[in-house]
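Here is what each chain is made of, one letter per residue.
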Amino acid sequence: MAAPILSTPHFQNEAAAFAYVESKLWPNGPICHHCGESEHIGRLQGKTTRVGLYKCYACKKPFTVRMGTIFESSHLPLHIWLQIIHLMCASKKGLSTNQIQRMLRCSMKTAWFLGHRIRESMREVRDMFTPPLGGSGCTIEADETYIGRKAESRAYEAPAPKQAVMALVERDGRVRSFHVPNVTAKMLRPLIGRHAHRDSRFMTDESRIYTGIGWHFASHGTVMHEAKEYVRGDVYTNTIEGYFSIIKRGLYGVYQHVSEAHLKRYLCEFDFRYSNRARLGIDDVARPISP
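Here is what the cut-offs are and how they apply
Each chain carries its own residue numbering, running from 1 in the written order of its sequence. In keeping with the predicted nature of the model, local features appear solely for residues at pLDDT of at least 70, side-chain atom pairs appear and are counted solely at 80 or more, and the whole-chain, interface and lining totals rest on all residues. Only hydrogens and water are set aside; all other atoms, that is, all heavy atoms of the structure, feed into the side-chain values. Think of a nonpolar core as a cluster: buried Ala, Val, Leu, Ile, Met, Phe, Trp, Tyr and Cys residues, connected wherever their side-chain atoms sit within 4.5 Å. Throughout, exposure labels follow a simple rule: accessible area from a 1.4 Å probe, protein chains only, divided by the maximum for the residue type, with under 20% read as buried, over 50% as exposed, and the rest as partly exposed. In DSSP terms, a helix is any run of H or I states spanning at least four residues, a strand is any run of E spanning at least two, and both are numbered starting from the N terminus. The contact criterion used throughout is that any non-hydrogen atoms of two residues lie within 4.5 Å. Strands qualify as paired when DSSP identifies two bridges or more between them. By definition here, a salt bridge exists when the distance from a side-chain nitrogen of Lys or Arg to a carboxyl oxygen of Asp or Glu is within 4 Å.

### Side note on the nonpolar core
As a rule of thumb, soluble globular proteins bury nonpolar side chains together. Judged by nonpolar contacts, the single largest core of 31 residues is most densely connected at Ile84, Leu104, Leu114 and Ile118. When residues of this core are traced back to their parent elements, those giving at least two are helix H2 (14–25), strand S2 (54–56), helix H3 (78–90), helix H4 (97–104) and helix H5 (108–121). With nine residues, the top contributor of residues to this core is H3. Leaving out residues up to four positions away in the same chain, Ile118 has contacts with Ile70, Trp81, Ile84, Ile85 and Met88.

In C-alpha cells:
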C-alpha cells in the first residue's frame, strides 16, 4: 500500500512541525536563543499564544526554535517550509521558483525567498577546520565546464558570456564545485591546494592547467580526450563528467536560466544532493537533516 511521505504529521500540522524541528535542533531540550540558558525555560501555553513559544526565565525573553535559523523572519508556516525542503532535497534536478509558486499558490517573491534561503542552508561551511576531499588511498577527479547558452540559441542578440565552473569529486564520495572568473592555473591552484588532500591520487584530462598542479599529489593520471581516450585502466574523469551532466540538466531543464550573481547558490544545491546521495547511505528522508 502506498504511503505518501508528505502525509506524515510534520508536513501537515504546525504543532507537529515545531516538535519535529525541536527534536533535531534541541535534542537535549530547548536552549534560549538570547542568552544560551537551558535550565530555567518554560513553554507558554496560553489560549492566544502562538505555537512553539518558550520563555527564558533567566533573561525574561521569549523565543522559538525558528530564531537563528532559515525559518526566522518568515510568515510562512513551518510545515510548509518542511514540505519545500523535502521536495528540494528529493528533486534530483532541482525545484524551480515557478514550481514552488504554483504548488504553494503564493507570490513569486515568497517562492524566490523560500528557495534561496534553502539553497543558502545547503552551503557547506568551509573554514580552517574543514577537512579536504580525498586522502591516502582515495582518488579525486578535477575538471572544468562552462554554464550558459550557446550563441545560436538567441535569435536577436548574443547571450551573456558563459560562466566557468571547476569541480573536485571524490570517487564514491563528496563533491565541491566553484564558480571561477577564469580557468587558469593561477586561479585553480589555490582552490585545489585548499580542498584536495595531497595524499590523494589526482585524475584529470590532458589540459595543461593541471600539469603543474598534479605533481603535488601522490600520483597524477591523465586521459587524452582530444585523442578520444576516456579510460585507461583506473584513470578516467567519467565521475566528474557525470556530475557536470546532472548540473546542466538541472540548470537548463528546470531552472532555464541562472544569473552569474546566484550561480554559486545553485552549485551549493547540487553539491549538497550529490554529497548526500543514496550511494553514500543517505536517502531522500534523511537528506534534509544531513550535516
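### What to know about the pairing of strand S5 (residues 163–170)
Successive side chains on a regular strand alternate, one facing one side of the sheet and the next facing the other. With respect to burial, S5 is a largely interior element, eight of its eight residues being buried. The alternating pattern of S5 places Gln163, Val165, Ala167 and Val169 and Ala164, Met166, Leu168 and Glu170 on opposite faces, both of which are buried. Alignment of S5 against strand S6 (residues 175–180), held across six bridges, turns out to be antiparallel. Residue pairing for S6: Val165 is matched across the bridge by His179. Between the antiparallel neighbours S5 and S6 lie four residues, among them Asp172 with a positive phi of about 60°.

### So, the pattern of salt bridges
Following the criterion strictly, the structure yields 13 salt bridges and no others. Taking the shortest distance from any N to any O, the salt bridge between Asp284 and Arg287 comes out at 2.5 Å. Taking the relative accessible area as the measure of exposure, Asp284 reaches 26% and is therefore partly exposed. By relative accessible area, which is 2% here, Arg287 ends up buried.

### Focus on unusual backbone geometry
Here the phi dihedral of Ser73 falls at roughly 60°; this positive angle occurs in a residue that is not glycine. In this fold, Ser73 is placed in the loop between strand S3 (61–63) and H3. Of note, the phi angle at Asp172 is positive, near 60°, even though the residue is not glycine. Note that Asp172 resides in the loop between S5 and S6.

### Observations regarding the side chain of Ser96
Examined against the element boundaries, Ser96 turns out to sit in the loop between H3 and H4. Here Ser96 is in contact with Val254 and Tyr255, once residues within four sequence places are set aside.

### Remarks on the side chain of Arg119
Position of Arg119 relative to the elements: it lies in helix H5. In this structure Arg119 comes out as buried when scored by relative accessible area, which is 1%. In this view, Arg119 contacts Met88, Leu95, Tyr255, Arg265, Tyr266, Cys268 and Glu269; residues no more than four positions away in its chain are not counted.

### Topic: the environment of Val235
Mapped onto the elements, Val235 comes out in strand S10 (residues 235–236). Residues Val235 and Val223, spaced 12 residues apart in sequence, show a C-alpha to C-alpha distance of 6.8 Å. Once you skip the residues sitting within four places of it in the chain, Val235 turns out to touch Arg171, Met203, Gly221, Thr222, Val223 and Tyr230.

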